Number of protein chains: 2
Amino acid sequence: MSVQRQTKQLQAIQTAFETAGRPLSIDEIHELAGRDIESLGVRTVYRAVRRLQENGDVSIVNVPGGSDRYELASVAAEHHHHFHCTACDRFFDIHGCPGGLKKLLPKGFKLEHHELTLSGLCESCA
Amino acid sequence: MSVQRQTKQLQAIQTAFETAGRPLSIDEIHELAGRDIESLGVRTVYRAVRRLQENGDVSIVNVPGGSDRYELASVAAEHHHHFHCTACDRFFDIHGCPGGLKKLLPKGFKLEHHELTLSGLCESCA
DNA sequence: TAACTAATGGCAATTAATTGCCATTAATGC
DNA sequence: GCATTAATGGCAATTAATTGCCATTAGTTA
Ligand SMILES: [Mn+2]
Ligand SMILES: [Mn+2]
Ligand SMILES: [Zn+2]
Ligand SMILES: [Zn+2]
């Protein structure tokens with residue numbers, strides 16, 4: 001396999017994830033990293049996110065309704081959930097989990113994962 | 001406004017919802033109702049579901065990742081959640097709710113709704 | 001610095017879900 | 001049964017997200 005080059009674009013994208021501290025959509029990454037790299041193309045964001053996923057640095061966050069978000073794998077490693085602000089359409093990490101989900105399960109079903117999305121207004125929109 | 005006609009197609013679609021007893025995708029509705037109406041077109045399913053939604057008889061269920069599902073509004077009226085079988089890709093109703101979500105909320109955030117999706121294997125796939 | 005080629009970015013093309021169009025069918029009321 | 005027109009269904013067209021293509025740029029190593 002060939003050597004992966006460390007480009008300004010990839011760096012700006014990684015920095016966007018770190019400074020945002022919340023799950024980002026492709027467009028949000030494009031917008032945030034684009035502040036550093038004025039000519040950043042969306043095509044490059046798609047490729048960078050794919051590569052970061054393949055390298056295990058970024059994980060996908062499937063959300064109900066809207067488009068996918070992505071977050072640092074280091075953040076995803078710790079079980080947590082998300083909050084969706086219906087005003088600004090941003091997602092935020094929610095640390096913790098209500099638990100007690102096994103007892104909700106119908107008989108015969110096998111529980112493997114679960115996903116919880118709270119929604120409402122974030123601090124700056126409330 | 002004009003009078004809505006009661007067609008075989010619409011009846012078959014309503015029956016599909018009632019006999020399935022779980023949230024259905026457009027394709028599932030097409031498949032299930034198509035057993036009654038052999039020539040049922042997908043175009044008709046889209047229109048019927050839209051009309052049932054507008055009439056308040058059916059509600060949309062946004063699911064993480066996959067395509068939208070629809071369920072009877074009478075079922076949706078009672079707060080509940082869903083289970084997604086990763087083997088057969090079907091969704092099932094989960095009655096009940098873990099609760100205690102307010103305490104997970106960051107300061108300043110306002111909680112309005114929440115959505116929980118369990119996943120794993122349903123009874124027939126387990 | 002030069003050579004090599006990974007990476008970029010603009011735009012066309014693809015994919016999947018949904019809708020527009022329209023000739024035909026059939027539910028409704030008289 | 002007949003007239004009226006809502007509804008159907010096949011297919012083209014649209015929409016939004018993602019990918020293919022490819023000439024150009026720029027990171028890396030010698
Ligand atoms: Mn997260
Ligand atoms: Mn349900
Ligand atoms: Zn907000
Ligand atoms: Zn199953």
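All values reported here derive from a predicted model rather than from experimental measurement.

## Things to note about the overall build of chain A
Move 1: Summing up its helical and strand segments, chain A has 4 helices and 5 strands in all.
Move 2: Mapped in sequence order, the helices and strands of chain A form the string α-α-α-β-β-α-β-β-β.
Move 3: Once the C-alpha set of chain A is aligned to its principal axes, its extents read approximately 55 × 45 × 20 Å.
Move 4: Per-residue burial for chain A yields a buried fraction of 38% across its 126 residues.
Move 5: For chain A, restricting intrachain contacts to residue pairs at least 6 apart in sequence, the fraction spanning at least 24 positions comes to 50%.
Move 6: In the structure as shown, chain A presents an accessible area of about 7,200 Å², 47% of it carried by carbon and sulfur atoms.

## What about the coordination of the zinc ion (ligand 3)?
All names here are of chain A.
Move 1: The coordination sphere of the zinc ion (ligand 3), as far as protein atoms go, consists of C85 (SG), C88 (SG), C122 (SG) and C125 (SG), spread over 2.2 to 2.5 Å.
Move 2: Around the zinc ion (ligand 3) sit 4 donor atoms, and with donor-metal-donor angles ranging over 99 to 120° the site reads as tetrahedral.
Move 3: Donor residues for the zinc ion (ligand 3) sit on one chain with the sequence pattern C-x2-C-x33-C-x2-C.
Move 4: Under the relative-accessibility criterion, C88 is labelled partly exposed at 29%.

## As for the relation of the copies chain A and chain B
Copy one and copy two of the chain differ by a rotation about an axis and a translation along that axis.
Move 1: It takes a turn of 180° to lay chain A on chain B, together with a shift of 0.0 Å along the axis; the resulting RMSD is 0.1 Å. Put plainly, the chains are arranged around a two-fold axis.

## Some words on the domain arrangement of chain A
All names here are of chain A.
Move 1: Each assigned domain of chain A is listed here: domain 1 (8-75) and domain 2 (79-120).
Move 2: The centre of domain 1, based on its C-alpha atoms, is set 22 Å off from the matching centre of domain 2.
Move 3: Domain 1 puts 11 residues into the contact, and the matching count from domain 2 is 9 residues.
Move 4: Across the domain 1 to domain 2 interface the summed buried area is about 860 Å²; carbon plus sulfur atoms make up 53%.
Move 5: Scanning the region where domain 1 abuts domain 2 turns up 1 salt bridge.
Move 6: Among the salt bridges present, the one from D89 reaches R69, with a minimum N-O distance of 3.7 Å.
Move 7: Residues of the side of domain 1 that touches domain 2, tallied by class, amount to 5 nonpolar, 2 polar and 4 charged.

Conventions adopted
Residues numbered from 1 in each chain as written. Chains lettered and ligands numbered in written order. Predicted model: local features only at pLDDT ≥ 70, side-chain atom pairs only at ≥ 80, totals over all residues. Heavy atoms only, no water. Helix = DSSP H or I, 4+ residues; strand = E, 2+ residues; numbered from the N terminus. Buried < 20%, exposed > 50% of the residue type's maximum accessible area, 1.4 Å probe, protein only. Contact = heavy atoms within 4.5 Å. Areas by Shrake-Rupley, 256 points an atom, 1.4 Å probe, with all protein chains shown as cover. Donors = N, O, S within 2.8 Å, 3.2 Å for Na, K, Ca; no water. Tetrahedral: all angles 85-135°; square planar, octahedral: opposite > 155°, others 65-115°. Least-squares fit on C-alpha atoms with pLDDT ≥ 70 in both. Domains from an automatic or database assignment. Buried area = accessible area lost by both parts, 1.4 Å probe. Salt bridge = Lys/Arg side-chain N within 4 Å of Asp/Glu carboxyl O. Nonpolar A, V, L, I, M, F, W, Y, C, P; charged D, E, K, R; others polar.

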